[in-house]
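# A closer look at the structure
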Amino acid sequence: MNSIVTAYSAVDTIWVLLGTALVFFMQAGFAMVETGFTRAKNAGNIIMKNLMDFAIGTPLYWLVGFSIMFGPDNGGIIGSISLLCSGDLLSIPSNISKFTFVIFQSVFCATSATIVSGAMAERTKFLSYCLYSALISAVVYPISGHWIWGGGWLAQLGFHDFAGSTAVHMVGGVAALVGAAILGPRIGKYSKDGKVNAFPGHSIPLGALGVFILWFCWFGFNGCSTLGMSDLEAPGNIFMTTNLAAATATVVTMIITWVRYKKPDVSMTLNGSLAGLVAITAGCDAVSNVGAFFIGIIAAFVVVFGIEFLDRKVKIDDPVGAIAVHGMCGAVGTILVGFFAIDGGVFYGGGFHYLGVQMLGVVSVIAWVVVTMTIFFNLIKKTVGLRVDADEEIRGMDIVEHGLVSAYADFMPMIGSGSGIALEAPMTAVTAMAPAAKTPKHAAVPVEDYSTNDGTKISKIAIITKQSKFETLKNAMDEIGVTGMTVTQVLGCGMQKGRPEYYRGIELESTLLPKIEVEIVVCKIPVSTVIEAAKNALYTGHIGDGKIFVYDVEQVVKVRTGEEGFDALQDVE
């Protein structure tokens, strides 16, 4: 017994377990990306799905999935099934223990399963998600994984996918494509004339946090796939190519969106980072830094135009870009190994055999996933149902599936139905009272402009605008002598058209956004003066500058003193 234990390498074991922990933490990254890029009413549902695909997949992969993937080969198609990892497992490396390898592979399996949730977010039944996530972990991922990593027919041909561009990411991305196509788009995503409507994610900071977590954990995903430290140069080289491809893809994606949308798109650029990471994963050990640089550039074009193609041409609704990031970039990154591999790549004089094997592997795995997931998604659709009802989708998955009124408790995130339907949302109106207006000496105007019963006219001016413009508006009012105002937080949208704004390349339509309503009552300061000052303070030319409403006020009563009319507005004791 001791001789078996001492045969294992302590350094290699620590290295693999470190990678296991990092890859597990990628679940948090995926959860944050998917939550941030979707609407607030579905945040709790997204978190539950990312939690449960790992929790469901882990015992299933231990029960049967691991042996299917790494058991003794049967005709190059499938490993010999042995329950609880108890049988012969010929593909296990000799430098680490069996269950070190099992747990390492388990977190990779969970990564593949969790990719699907983002593309099918905001309208999939939770039960249905649990069912197909279980199938991916127990059958779909292990069988194609056996072909690639378990000694199956692709491995025998020399197919190279070092850390899983195809085995992990493309499997998840293709499953997401099939699922999103069968499920259909979210309500309101496409108008009857085919126009695409943007559904902005409710929290870009959460999405960015997720990307940073994933980028960090990807060093374990790729670097620790060496399964040891016997070659001390390999981990450093892999870290370098991984980081270089991701950084390059990020910069190029930013530039592409800047040129196409006139401004650098934040969410698309975040997708660009992930695109570079996915694309380099297959060949991070086989390409040079120059190769990684060009793979990153290509990945950026694939993700931007891939997302646009799915959204605008194919009309497949993917809220987070998972299909383009993982499916398309996984496939392209794997094929690019055939061009950029230092040993055998086309650009290094290796001919086209290596490239042909890479292409064959990608096409074969796509076919496997498309067939199996099409069957299973349709089976779920015909039995328990794949999609929630329209009313449930509009209300949000949190309340319908989990009884969660809001994932954010007392916070008020941006609310948008995406379908032109106003939704009830927890909201607290906050009112702030400033001192009454003091009329400057230079503001005297003819009495006939304000004539009512007591010789003055009282008007109320209501200004609705962005919350961010309040200080500018208040300063403008101070300059003309208006210091009394009531400020209320509201939700609203307008139908006016200004300069178009874009989210992931799609022009934004009206949606309920946080606004402020500022009410000002004047008697001696001309209404036109207030309006001009407000217009000058608020104008940008963009959608959402605001509106100004003017009302006649019949009477004003100061409760404390009983004064009425003009006198009620004066701050004189």
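Keep in mind that this is a model prediction, so the values were computed, not measured. (Residues numbered from 1 in each chain as written. Predicted model: local features only at pLDDT ≥ 70, side-chain atom pairs only at ≥ 80, totals over all residues. Heavy atoms only, no water.)

A word on the overall build of the protein. For the protein, the count of helices and strands is 17 helices and nine strands. Put simply, the protein has 573 residues, and 54% of those count as buried. Sequence-distant contacts, at least 24 apart, represent 78% of the contacts inside the protein between residues at least 6 apart. For the protein, the accessible surface area stands at approximately 24,500 Å², while carbon and sulfur atoms represent 65% of it. (Helix = DSSP H or I, 4+ residues; strand = E, 2+ residues; numbered from the N terminus. Buried < 20%, exposed > 50% of the residue type's maximum accessible area, 1.4 Å probe, protein only. Contact = heavy atoms within 4.5 Å. Areas by Shrake-Rupley, 256 points an atom, 1.4 Å probe, with all protein chains shown as cover.)

The next thing to look at is the pattern of salt bridges. Here the structure, examined in full by the defined rule, presents 11 salt bridges. One salt bridge in this structure joins D552 and K457, with 3.4 Å as the shortest N-O distance. Taken together, the residues D552 in strand β9 (residues 547-552) and K457 in the loop between β3 (432-433) and β4 (459-466) connect sequence positions 95 residues apart. For D552, a relative accessible area of 62% puts it in the exposed group. Of the charged contacts, one joins K474 and D478 as a salt bridge, the two residues approaching to 3.9 Å between their closest N and O atoms. One end of the pair, K474, and the other, D478, are both in helix α16 (residues 470-479), four residues apart, so they sit about a helical turn from each other. (Salt bridge = Lys/Arg side-chain N within 4 Å of Asp/Glu carboxyl O.)

As enumerated under the stated definition, the model contains 21 aromatic pairs in all. Residues F66 and F70 carry aromatic rings whose centres are separated by 5.1 Å and whose planes lie at 35° to one another, so their mutual orientation is tilted. Residue F66 and its partner F70 are both found in helix α3 (residues 43-70); the two are separated by four residues, about one turn of the helix. For F70, a relative accessible area of 2% corresponds to the buried category. Look at W218 and F221: their rings are 5.5 Å apart centre to centre, the planes differ by 45°, and that puts the pair in the tilted class. Separated by three residues within a single helix, W218 and F221 lie in helix α8 (residues 204-223), roughly one turn from each other. Like W218, the residue F221 is buried in the burial classification. Among the aromatic residues, those joined into a ring-pair cluster are Y61, F66, F70, F101 and Y141. When the ring centre of F199 is taken as origin, the NZ or CZ atom of K189, which lies over that ring, is 5.8 Å away. (Phe/Tyr/Trp six-rings, centres within 6.5 Å; stacked < 30°, edge-to-face > 60°. Lys NZ or Arg CZ within 6 Å of the ring centre and 35° of its normal.)

In this structure, F66, Y132, V369 and M373 are the most contacted members of the largest nonpolar core, which totals 116 residues. Apart from residues lying up to four places away in sequence, M373 is in contact with Y132, L135, I136, V140, A175 and V178. Counting 20 residues, the second-largest nonpolar core is a separate cluster that includes I463, V482, I516 and V530. (Core = buried A, V, L, I, M, F, W, Y, C linked by side-chain atoms within 4.5 Å.)

This brings us to α16. Within α16 the residues assigned to the buried category are F470, L473, A476 and M477. Taken end-on, α16 shows its buried residues confined to a sector of 130°, consistent with a single buried face. Residues of α16 that are buried in the fold lie against β4, β5 (486-492), β8 (513-522) and α17 (527-538). A positive phi of about 95° marks G481, the residue just after α16. (Arc of directions from axis to C-beta.)

With respect to the helices, strands and loops of the structure, D545 is situated in the loop between α17 and β9. No salt bridge forms around the buried D545; measuring N to O, its nearest opposite-charge neighbour K466 is 4.9 Å away. Of note is the side chain of D545, whose polar atom sits 2.5 Å from the side chain of T540. A distance of 2.9 Å separates a polar atom in the side chain of D545 from the backbone nitrogen of G541. (Lys, Arg positive; Asp, Glu negative; His and termini not counted. Polar contact = N/O pair within 3.5 Å; in protein donor to acceptor, adjacent residues only side chain to side chain.)

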